[in-house]
Amino acid sequence: MAMPPEKREQVLEKLPPQQQANLRQRLDRFDKLPAAERARLNQMWSTFNSLPPEKQEVVTRQMRAFNALPEERQKDLKPVLQRLRLMPEDRRNTLLNSEAFKNRFSTAELQMLTDISQNYPLPGR
């Protein structure tokens, strides 16, 4: 995504046609985003790529689980997840282990919130 267009083309040309078309659509949507949003997404991608493979796997699995939740539940969990990712580790752990917090979410949701917030910090944290 951060590549110049000519470099992108070189990479895309090496892919099968269907994958090229899919990636071109995604890149087109990305290019149409405001500059600040593109920069934020690039930073998130860079942060993800800097994680060890085992953490990338955990985050990928849990982000897929998050995205598979009903839209209404995603809306409920997203601000909670963002707050957790911003918290210092000790405060986050205290909150995650509190009875009030545990009673608010299912076991799967708690695991998702824990795994993502502990393994995928917000950029610049």
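Structure report, in brief. Bear in mind the structure is a predicted one, so any value in this text is a computation, not a measurement. Within each chain, residues carry numbers counting from 1 in the order of the written sequence. Selection of residues for local features in this predicted model requires a pLDDT of at least 70, selection of side-chain atom pairs for listing and counting requires 80 or more, and totals for whole chains, interfaces and linings are taken over all residues. With hydrogens and water excluded, all non-hydrogen atoms of the structure serve as input to the side-chain values.

**Details of the overall build of the chain**
- For the purposes of this entry, the term helix denotes a DSSP run of H or I that reaches at least four residues, the term strand denotes a run of E that reaches at least two, and both are numbered from the N terminus. If you tally the helices and strands in the chain, you get eight helices and zero strands.
- Secondary structure elements of the chain occur, N-terminal to C-terminal, as α-α-α-α-α-α-α-α.
- In summary, the chain has a C-alpha radius of gyration of 17 Å against a globular reference of 14 Å for 125 residues, an excess of more than 25%.
- Principal axes of the C-alpha set define a box for the chain whose edges measure 55 × 30 × 30 Å.
- The rule is simple: take the accessible area with a 1.4 Å probe, protein chains only, and divide by the maximum for that residue type; under 20% is buried, over 50% is exposed, in between is partly exposed. Here the chain holds 125 residues, and the buried ones make up 29% of them.
- The contact rule is simple, with two residues in contact once any of their heavy atoms fall within 4.5 Å. Residue pairs in contact within the chain that sit at least 24 positions apart in sequence constitute 56% of those at least 6 positions apart. In this setup the radius of gyration rests on C-alpha atoms only. A globule is expected at 2.2 Å times the number of residues raised to 0.38.

**Regarding the packing of helix α5 (residues 71-86) against helix α8 (residues 107-119)**
- The angle between two axes is taken between their N-to-C directions and runs from 0 to 180 degrees, where each axis is a line fitted to C-alpha atoms and a helix contributes only its stretch in contact. Across the interface, α5 lies against α8 with an axial gap of 9 Å and an inter-helix angle of 35°. For the pair α5 and α8, the sense of crossing is right-handed. From α5, R73, L77, V80, L81, L84 and R85 reach across to α8, where they touch E109, L113, I116 and S117.
- Under the grouping applied here, Gly and all other residues not named as nonpolar or charged are polar, the nonpolar ones being Ala, Val, Leu, Ile, Met, Phe, Trp, Tyr, Cys and Pro and the charged ones Asp, Glu, Lys and Arg. The residue inventory of the contact of α5 with α8, partitioned by class, reads six nonpolar, one polar and three charged. Crossings are classed by handedness, with left-handed meaning an anticlockwise turn of the near helix from the far one by less than a right angle and right-handed meaning a clockwise turn.

**Section: the packing of aromatic side chains**
- Each Phe, Tyr or Trp ring (for Trp, its six-membered ring) is paired with any other whose centre lies within 6.5 Å, and the angle between the two planes then decides the class: stacked below 30 degrees, edge-to-face above 60, tilted in between. Counted by the stated rule, this structure contains three aromatic pairs.
- Seen in terms of ring centroids, W45 and F48 are 5.8 Å apart; in terms of plane orientation they differ by 25°. Their pairing is stacked. With a gap of three residues between them, W45 and F48 both fall in helix α3 (residues 35-50), about one helical turn apart.
- Here the aromatic cluster, defined as three or more aromatic residues joined through ring pairs, consists of W45, F48 and Y120.

**Brief notes about the environment of L51**
- Looking at where L51 falls in the secondary structure, it is placed in the loop between α3 and α4 (53-68).
- For the pair L51 and P121, spaced 70 residues apart in sequence, the C-alpha separation works out to 9.9 Å.
- In this structure, L51 is in contact with Q56, V59, N119 and Y120, ignoring residues within four places of it in sequence.

**Remarks on the pattern of salt bridges**
- Basic side-chain nitrogens of Lys or Arg form a salt bridge, by our definition, when they fall within 4 Å of a carboxyl oxygen of Asp or Glu. Enumeration according to the criterion identifies six salt bridges in this entry.
- One salt bridge in this structure joins E9 and R24, with 2.7 Å as the shortest N-O distance. Taken together, the residues E9 in helix α1 (residues 5-12) and R24 in helix α2 (residues 17-31) connect sequence positions 15 residues apart.
- You can call E9 partly exposed: its relative accessible area is 31%.
- One salt-bridge network, held together by shared partners, links R73, D76 and E109.

**Comments concerning the environment of E72**
- Tracing the backbone through its elements, the reader meets E72 in helix α5.
- For the pair formed by E72 and Q111, sequence separation is 39 residues and the distance between their alpha carbons is 19 Å.

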